[in-house]
Amino acid sequence: MYDKRKKKLLWQIPFLAILIVGTILIIRQQRNTPYQKCSGTIFGTVYNITYQYDKDIQKELVAKMQEVDSALSMFNEQSIISRINRNDDVTPNEMFLNVFNLAQKVSDDTDGAFDITVAPLVNIWGFGFKRGQTPSQPAIDSLRSIIGYQKVRYQGGRIHKNDPRIMLDCSAIAKGYGVDVVARLLSDKGIKNYLVEIGGEIATKGISEKRVPWKIGVTKPSDDALQNGGELQTVLNVTDKAMATSGNYRNFYYKGGRRYAHTIDPKTGYPVQHNILSATVLADRCAVADAYATSFMVMGLDKTKKILEKHPDLMAYIIYDDQGQNKIWYSPSLKDKIQK
């Protein structure tokens, strides 16, 4: 019996040695593979991508982002969404439909807090393509009559609008979707370690160049973004997750002694006035995180908590104002990811 065990052990030793040597070689190769970095502008904002790979594939990454731009960018006059807004006869492609369908789903889930038809109201309040006078109540009411995600649908290969004046704006979800598209391309190439950031929306996988999990800072809200914009409220471990942040503290203007936030409530037609300063959302997909971060800014803290109860796959870090003092609320499941 002893001899049989001894012979079996002797047969196993070479296989164990090969396994150990192979593992060492894989680890050494991984450590020696450089981290590539590229940055530029897309969707009217800045992108930064870091990935561990033996080739520079920036041209492929840019080409993929340009595909998203061609489908969803309102800054691109020939994009699918721009042509739909001009009521051209255009067939939406897969990218547009992916975002459109997700947007409609989030709109249903948030009772219309997220609404890609809100652009005319955003514009009249001065945060879109125009900056003008504070809108009158009749002007707001007139636009509210055409606002509503239920008034647009995909049918028969086309986007149909109940009113030709309806204008789609996917800016609150397109950057997140662009992040997802780039991340998918990197994963399809077998890349295990990367960080993709477009306009502040992020997706990560694996570890950073420092051989540690990816850590992302959440900026402390401040009216004076130039002076205090670099101060961090917290640092989150977002490895193998996507993250998006929406906030009113950097995008607002004063008119007649009042401060108007850039987030518009589709139901009232007015900028939101509740106390949430910023909403950071973690999810498996950045487009999802992006859409819900915007939704939470519209909904306020109490309704946000109810949505999160329905979606355990979502995690949120909320900074809100409590009688002039910044307070924090976050999903219990996020506790282990808070590094600071």
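What counts and how
Residues numbered from 1 in each chain as written. Predicted model: local features only at pLDDT ≥ 70, side-chain atom pairs only at ≥ 80, totals over all residues. Heavy atoms only, no water. Helix = DSSP H or I, 4+ residues; strand = E, 2+ residues; numbered from the N terminus. Contact = heavy atoms within 4.5 Å. Areas by Shrake-Rupley, 256 points an atom, 1.4 Å probe, with all protein chains shown as cover. Buried < 20%, exposed > 50% of the residue type's maximum accessible area, 1.4 Å probe, protein only. Core = buried A, V, L, I, M, F, W, Y, C linked by side-chain atoms within 4.5 Å. Axes fitted to C-alpha atoms, helices over the stretch in contact; angles between N-to-C directions. Left-handed = near helix turned anticlockwise from the far one by under 90°. Pairing = 2+ DSSP bridges.

A.B. asks: How should the overall build of the chain be read in this particular structure?
C.D. replies: Counting its secondary structure elements, the chain contains 10 helices and 14 strands. The long-range share in the chain, meaning contacts at least 24 apart out of those at least 6 apart in sequence, stands at 59%. As displayed, the chain has an accessible area near 17,900 Å², and 51% of this comes from carbon and sulfur atoms.

A.B. asks: I would appreciate a short explanation of unusual backbone geometry in the present structure.
C.D. replies: Outside of glycine, negative phi angles account for most residues, and trans bonds account for most peptide bonds. Its identity is not glycine, yet Asn87 carries a phi of approximately 65°, on the positive side. Looking at where Asn87 falls in the secondary structure, it is placed in the loop between helix 3 (80-85) and helix 4 (94-109). Residue classification places Asn87 among the partly exposed residues on the basis of a relative accessible area of 41%.

A.B. asks: How should the nonpolar core be read in this particular structure?
C.D. replies: Across soluble globular proteins, nonpolar side chains show a tendency to be buried alongside one another. Core analysis: the biggest nonpolar cluster contains 84 residues, and Ile49, Tyr51, Phe96 and Leu186 have the highest contact counts within it. In terms of residues, this core owes the most to one element, helix 9 (residues 286-299), which gives 11 residues. What Phe96 contacts, discounting residues up to four positions off in sequence, is Ala71, Leu72, Ile80, Ile81, Ile84, Ile159 and Leu168. Core analysis: the second largest hydrophobic core is formed by 15 residues, Tyr35, Leu195, Ile202 and Ile319 among them.

A.B. asks: I keep staring at the packing of helix 2 (residues 58-72) against helix 7 (residues 171-188) and nothing clicks. Help me out?
C.D. replies: Relative placement of two packed helices is described by the angle separating their axes and the distance separating the axes. For the pair helix 2 and helix 7, interaxial distance at closest approach is 10 Å and the crossing angle is 145°. Between helix 2 and helix 7 lies a crossing whose hand is right-handed. Residues Glu60, Leu61, Lys64, Met65, Val68 and Leu72 of helix 2 pack against Ala174, Tyr177, Gly178, Val181, Val182, Leu185 and Leu186 of helix 7.

A.B. asks: Where do I start with the sheet that holds strand 5 (residues 194-198) in this structure?
C.D. replies: Paired through backbone hydrogen bonds, the strands of a sheet run either parallel or antiparallel to each other. Ordered by their spatial adjacency, 8 strands build an open sheet running 1-2-5-6-9-12-13-14, and the pairing between neighbours is antiparallel. Two strands close off the open sheet at either side, each with one partner strand: strand 1 (35-42) and strand 14 (325-330). Here the strands of the sheet are splayed against their neighbours by 10° on average, with no regard to which way each runs. Contacting strand 1, strand 2 (45-52) and strand 5, helix 2 crosses the sheet at an angle of about 140° to strand 2. Helix-sheet contacts for helix 9 involve strand 6 (201-205), strand 9 (242-247), strand 12 (276-283) and strand 13 (315-322), and the interaxial angle to strand 12 is about 155°.

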